[in-house]
Amino acid sequence: MVGRGELTDAAWDRIAPLLPGVDGRGRPWRDHRQVINGGLWLLRTGAPWRDLPERYGPWQTAYDRFARWEADGTWTRLLEQVQVRDDSVGAVEWTVSVDSTISRAHQHAAGARKKGAATRDELEDPARATAGQELGRSRGGLTTKVHLACDGRGLPLAVVVTPGNVNDSTVFGEVMDALRVPRAGSGRPRRKPDAVIADKAYSSRAIRQSLRRKGIRAVIPERADQKANRVRRGQTGGRPPTFDRELYKARNVVERCFDRLKQFRAIATRFDKLATRYKAGVHLASLIHWLREPAQDRLSDRT
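Below is a summary of the structure that appears in this document.

Rules behind the numbers
Residues numbered from 1 in each chain as written. Predicted model: local features only at pLDDT ≥ 70, side-chain atom pairs only at ≥ 80, totals over all residues. Heavy atoms only, no water. 1 Å grid on protein atoms, 1.4 Å probe; cavity = no way out; pocket = protein on both sides within 12 Å on 5 of 7 lines; lining within 4 Å. Points joined across faces, edges and corners; volume = space filled by probe spheres on them. Helix = DSSP H or I, 4+ residues; strand = E, 2+ residues; numbered from the N terminus. Nonpolar A, V, L, I, M, F, W, Y, C, P; charged D, E, K, R; others polar. Phe/Tyr/Trp six-rings, centres within 6.5 Å; stacked < 30°, edge-to-face > 60°. Buried < 20%, exposed > 50% of the residue type's maximum accessible area, 1.4 Å probe, protein only. Polar contact = N/O pair within 3.5 Å; in protein donor to acceptor, adjacent residues only side chain to side chain. Contact = heavy atoms within 4.5 Å. Core = buried A, V, L, I, M, F, W, Y, C linked by side-chain atoms within 4.5 Å.

Looking now at empty space enclosed by the protein. All told, the structure shown has 2 cavities of 30 Å³ or more when counted by the stated rule. By volume, the largest cavity is sized at about 50 Å³. Around the largest cavity, the lining residues are Val35, Ile36, Gly38, Gly39, Trp49, Ala62, Arg65, Phe66, Trp75 and Leu284. When residues of the lining of the largest cavity are traced back to their parent elements, those giving at least two are α2 (32-45) and α3 (59-71). Contributing to the lining of the second largest cavity are Thr101, Ser103, Val146, Phe258, Leu261, Lys262, Ile267, Tyr278 and Val282. Every element with two or more residues in the lining of the second largest cavity is listed here: β1 (95-105), α11 (252-261) and α13 (275-290). Of the residues in the lining of the second largest cavity, the class split is 6 nonpolar, 2 polar and 1 charged.

Written out as structure tokens, the structure is:
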């Protein structure tokens, strides 16, 4: 029987051929499905690895597999392959919404040692302890920000993790660079959406010019201060940017996407010390949402 929150048979059938196989060296892998279900239980509950129930096997095995697949990019490739499968049948909607959300960092998330030798004084330095781990300090404490680009159905296409005190607009270029869906056959990966929907935090001349150069339609409202400054300058202020109010109504899909991702408690609150492990958790949670229905069923529902 499939337990609550575990991989369904249909989802397992889709990703099983994509998982690493036995290469003839060393001991055989413990059942991949059992280990992945253990990782999903951790994400859903936010519990420590040592509290993993026995039905998922030794916690050391589950942690080692999760960390190994994070290091070699397996989680990223799995998410990429299900995106490729959907795109090959035309199920991906390329009107992309971009936004970010903040996750509060638990006290256990702080204190990861920076790479390289560390002296006693450096270990006691809180600034050094959080360096490189995408933790930003603000009035509310330590936070991490997840920047996301999702398709028109609200399924994640690109994920970028930064400290929580980083401005959204400064990461927009990195999010767009991470937007990459390979072709099922030959040809270059698709990187160019039809349109990009974003809120006023991304309203800047640089972002609009960047999208215009790439031939991407920008659906971004103008901020009140920018509009007032343009009006004050008269004819030298230029024309107002084009804005499609009807298409902008579709921006809520990225908010719904964040809501679904944060149903995993280990995503809503960051417990991982390493930013790479936290990002791998976001990739795994995103993978589960892509696997909920076969691409062919989603396409038939739209036609």
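That covers the picture; the talk isn't over yet.
Another aspect to go through is the packing of aromatic side chains. Considering all chains together, one arrives at 6 aromatic pairs under this definition. When the centroid spacing of 5.6 Å and the interplanar angle of 55° are considered together, the rings of Trp49 and Phe66 count as tilted. With a gap of 17 residues between them, Trp49 in the loop between α2 and α3 and Phe66 in helix α3 connect regions that are remote in the sequence. Here the two residues Trp49 and Phe66 agree in accessibility, since each one is buried. Here the aromatic residues Trp49, Tyr63, Phe66, Trp69 and Trp75 are joined through ring pairs into a cluster of three or more.

Counting through the fold element by element, Arg190 comes out in the loop between α7 (168-178) and β5 (195-197). Separated by 3.1 Å, the side chains of Arg190 and Asp194 make a polar contact. Discounting residues that sit within four places of it in the chain, Arg190 has contacts with Trp94, Leu179, Arg180, Val181 and Arg183.

On to the nonpolar core, then. Counting residues in hydrophobic clusters, the biggest one holds 66 residues, and the most contacted among them are Leu7 and Ile36. Top contributing element to this core by residue count: α13, with 8 residues. Among residues more than four places away in sequence, those in contact with Ile36 are Leu7, Trp12, Ile15, Leu19, Trp69 and Trp75.

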